[in-house]
Amino acid sequence: MKRFRRLRSTESLRSLVRETRVDKSSLIYPIFIAEGENIKNPVESMPGIYQWSPDRLSEELDRVRESGIGGVLLFGIPAHKDEVGSEAYNDEGITQRAVRFIKEKYPEILVIADVCLCEYTSHGHCGLVHEGEIQNDETLPLLAKMSVSLASAGADIIAPSDMMDGRVAAIREALDGAGHINTPIMSYSAKFASGYYSPFRDAAHSAPSFGDRRTYQMEPSNGNEALREVADDIDEGADIVMVKPALAYLDIISRTKQRFDLPLAAYNVSGEYSMVKAAAEKGWIDERRIVLENLTAIKRAGADIIITYHALDAVCWLEET
Ligand code: PBG
Ligand code: ZN
């Protein structure tokens with residue numbers, strides 16, 4: 001008889017042979033930044049998550065610095081939205097100002113800037129709209145301009161999440177042209193049209209005012225196509241690729257990791273977070289156990305980097321174990 005239980009008999013043995021460890025330096029924490037003053041606005045559908053105005057951002061950044069996590073991912077919420085998302089590529093826009101503030105006051109915190117128009121457009125779509133259709137090629141120069149503006153403000157990594165075709169090449173060319181040859185691109189390569197984004201759209205005020213995102217984000221059923229998206233982003237110059245959401249797409253994470261050798265990120269999205277928080281609030285699950293189990297699963301599937309709203313809590317829990 002094989003005695004598998006032999007190596008399970010004590011915590012020290014279990015720990016010795018543990019195959020997967022979640023490391024705090026691989027966790028990225030998303031932060032929402034609102035234009036205005038003295039704002040710490042709770043996101044109702046995401047308990048524990050707030051929109052912060054720049055003047056109060058330090059409260060959150062102190063916790064980030066203390067935690068030792070890998071970095072933050074910034075989402076700006078501008079006061080003014082228009083058809084073409086002007087605030088996205090305004091050098092004095094809310095996100096640009098937040099990046100400058102962080103790099104000045106917290107130079108050691110790695111800052112990843114999300115690049116997409118949906119938080120900045122009046123219609124809430126990730127690209128320009130013409131006669132009800134989302135325009136691909138016309139959107140690319142705006143994403144490139146936004147990327148250059150954020151890199152110039154000091155962003156350490158540019159992370160396009162719009163799912164327009166050709167954006168990685170357009171952004172790489174623009175960054176290089178502006179002298180940002182060393183600013184890496186982390187591309188949301190396989191981003192699925194998912195029901196798991198709803199709480200985020202409350203948090204970032206980015207729900208589309210008509211239609212949905214299915215003409216640019218991927219069909220949840222398509223695994224092979226996800227690999228083609230990743231391959232193409234690598235061809236276009238992505239330095240890090242991403243699969244999003246994470247938990248319902250562990251197979252995509254795993255296949256991507258097996259096929260490609262670039263650093264791979266996975267985004268443990270808002271809906272995944274909110275479901276855990278809601279069930280925990282009801283006392284139906286043990287939040288700490290579930291969160292560590294989920295993060296371990298994402299890591300075991302092959303993610304090198306995990307973007308998660310649980311990041312700061314997870315660090316405390318990891319340090320207890
Ligand atoms: C914007 C963007 C979204 C998310 C990250 N960047 C929302 C969307 O595509 O609607 C989702 C993040 C989350 O749900 O936590 N393009
Ligand atoms: Zn978007």
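The coordinates are above.
Because the structure is a prediction, the values reported are computed rather than measured.

Peer 1: Go over the side chain of glutamate 87, please, and point to the residues and values.
Peer 2: With respect to the helices and strands, glutamate 87 occurs in the loop between strand 4 (71–77) and helix 3 (94–105). Summary of buried charges: glutamate 87 has no salt-bridge partner, and the nearest side chain of opposite charge, arginine 97, is 5.9 Å away. Within the local environment of glutamate 87, its side chain forms a polar contact with the side chain of asparagine 90, the two groups lying 3.3 Å apart. Sequence-distant contacts of glutamate 87, that is, excluding residues within four places in its chain, are made with Pro78, His80, Gly93, Gln96 and Tyr120.

Peer 1: Can you break down the site of ligand 1 residue by residue, with the values?
Peer 2: Near ligand 1, the surroundings consist of 19 residues, among which Lys191, Arg201, Lys244, Ser270 and Tyr309 are the closest. One of the side-chain N or O atoms of arginine 201 is found 2.6 Å from an oxygen atom in ligand 1. One of the side-chain N or O atoms of lysine 244 is found 3.4 Å from a nitrogen atom in ligand 1. Protein chains shield 100% of the accessible area of ligand 1, which is 400 Å² for the free molecule.

Peer 1: Quick rundown of the nonpolar core? Include the residues and the values.
Peer 2: Ranked by internal contacts, the top residues of the largest apolar core, which has 104 residues, are Ile31 and Tyr267. At 8 residues, the largest contribution of residues to this core is made by helix 4 (residues 140–153).

Peer 1: Outline the packing of helix 9 (residues 270–281) against helix 10 (residues 287–301), listing residues and values.
Peer 2: The relative placement of two packed helices comes down to the angle between their axes together with the axis-to-axis distance. Relative orientation of the contacting elements helix 9 and helix 10 amounts to 160°, with a least axis distance of 10 Å. Classified by the interaxial angle, the pair formed by helix 9 and helix 10 is roughly antiparallel. Read as a crossing pair, helix 9 and helix 10 show a hand that is right-handed. In contact with Val276, Lys277 and Ala280 of helix 9, helix 10 contributes Glu287, Ile290, Val291 and Asn294.

Peer 1: Explain the pairing of strand 1 (residues 27–34) to me, using residue names and the numbers behind them.
Peer 2: For a regular strand, side-chain orientation follows a simple rule: the groups alternate between the two sheet faces. Counted residue by residue, strand 1 has 8 buried out of 8 residues, so it is predominantly covered. Covered by surrounding structure in strand 1 are Leu27, Tyr29, Ile31 and Ile33 together with Ile28, Pro30, Phe32 and Ala34, the residues of both alternating faces. Two strands pair when backbone bridges link them, and strand 1 and strand 4 are joined in this way by 7 bridges, in the parallel orientation. Of the residues in strand 4, the one forming a bridge with isoleucine 31 is leucine 74. Summarising the sheet, strand 1 and strand 3 (residues 50–52) pair through 2 bridges and their orientation is parallel. Opposite isoleucine 33, over in strand 3, you have tryptophan 52 as the bridge partner.

Peer 1: Any chance you could break down the packing of helix 10 against helix 11 (residues 311–320) for me, citing the residues and the numbers?
Peer 2: It is the contact of helix 10 with helix 11, at a shortest axis distance of 10 Å, that shows an interaxial angle of 95°. The pairing of helix 10 with helix 11 is recorded here as roughly perpendicular in orientation. For the pair helix 10 and helix 11, contact is made by Glu287, Arg288, Val291, Leu292 and Leu295 and by Asp313, Ala314, Trp317, Leu318 and Glu320, respectively. Here the contact of helix 10 with helix 11 is built from residues that sort into 6 nonpolar, no polar and 4 charged.

About the cut-offs
- Residues numbered from 1 in each chain as written.
- Chains lettered and ligands numbered in written order.
- Predicted model: local features only at pLDDT ≥ 70, side-chain atom pairs only at ≥ 80, totals over all residues.
- Heavy atoms only, no water.
- Helix = DSSP H or I, 4+ residues; strand = E, 2+ residues; numbered from the N terminus.
- Buried < 20%, exposed > 50% of the residue type's maximum accessible area, 1.4 Å probe, protein only.
- Lys, Arg positive; Asp, Glu negative; His and termini not counted.
- Salt bridge = Lys/Arg side-chain N within 4 Å of Asp/Glu carboxyl O.
- Polar contact = N/O pair within 3.5 Å; in protein donor to acceptor, adjacent residues only side chain to side chain.
- Contact = heavy atoms within 4.5 Å.
- Near = heavy atom within 4 Å.
- Areas by Shrake-Rupley, 256 points an atom, 1.4 Å probe, with all protein chains shown as cover.
- Core = buried A, V, L, I, M, F, W, Y, C linked by side-chain atoms within 4.5 Å.
- Axes fitted to C-alpha atoms, helices over the stretch in contact; angles between N-to-C directions.
- Parallel < 35°, antiparallel > 145°, perpendicular 65-115°, else oblique.
- Left-handed = near helix turned anticlockwise from the far one by under 90°.
- Pairing = 2+ DSSP bridges.
- Nonpolar A, V, L, I, M, F, W, Y, C, P; charged D, E, K, R; others polar.

Just distances and angles here, no functional claims.
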